[in-house]
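Observations on chain architecture
The primary structure of each chain is shown beneath.
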Amino acid sequence: MSGNLLHLIRNAEKKAETIIEEAQSEARRIIDDARSIARKTIAESQNIEEETIDSIQLDDDKDFQKQLKDLEKNLKQSILKLQEKSEANTEKGINFIVNSILQ
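Residues numbered from 1 in each chain as written. Predicted model: local features only at pLDDT ≥ 70, side-chain atom pairs only at ≥ 80, totals over all residues. Heavy atoms only, no water.

**Side note on the overall build of the protein chain**
Looking only at helices and strands, the protein chain features one helix and zero strands. Its C-alpha radius of gyration of 43 Å places the protein chain more than 25% over the 13 Å reference for a compact globule of 103 residues. With the C-alpha coordinates aligned to their principal axes, the bounding extent of the protein chain is approximately 145 × 25 × 10 Å. Per-residue burial over the protein chain gives 0% buried out of 103 residues. Accessible surface, the protein chain: about 9,900 Å² in total, of which carbon and sulfur atoms supply 58%. The protein chain carries 16 positive and 21 negative side-chain charges, and their two centres are separated by 2 Å. (Helix = DSSP H or I, 4+ residues; strand = E, 2+ residues; numbered from the N terminus. Rg over C-alpha atoms; globule rule 2.2 N^0.38 Å. Buried < 20%, exposed > 50% of the residue type's maximum accessible area, 1.4 Å probe, protein only. Areas by Shrake-Rupley, 256 points an atom, 1.4 Å probe, with all protein chains shown as cover. Lys, Arg positive; Asp, Glu negative; His and termini not counted. Charge placed at Lys NZ, Arg CZ, Asp CG, Glu CD.)

**Side note on the pattern of salt bridges**
By the definition in use, this model includes three salt bridges. Lys66 serves as the salt-bridge partner of Asp70, at 3.3 Å between the closest nitrogen and oxygen. One end of the pair is Asp70 and the other is Lys66, both in helix α1 (residues 2–102) and four residues apart, which spans about a single turn. Members of the salt-bridge network, linked through shared partners, are Glu26, Arg29 and Asp33. (Salt bridge = Lys/Arg side-chain N within 4 Å of Asp/Glu carboxyl O.)

**A word on a negative patch on the surface**
Together, Glu13, Glu17, Glu21 and Glu22 line one region of the surface with negative charge. Mapped onto the elements of the fold, Glu13 is located in helix α1. Its relative accessible area of 47% is what places Glu13 among the partly exposed residues. (Patch = residues over 30% accessible without salt bridge, like charges linked within 9 Å, V, L, I, M, F, W, Y side chains within 5 Å.)

This is the structure:
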């Protein structure tokens, strides 16, 4: 009877070892799959980030060009206004000097 019990215990230990080995193998496979999926996800997100960055840069370039054109337009308008004021002030100055001399 003790021989049978010893034999049953050994069989149970062997089955347990087999189950443990299979579980470890399955765990390694799952970990490898997870790593592979993570690598693909990271690669895809990097591609998306690069495309997004390129798109943002294009939008920023367009915005920058528009702002530059607006600034140039505002600068030209400011220069014209200053020239008009300068001419008006020159004319007022000349009139003041002429009036001062005539008085």
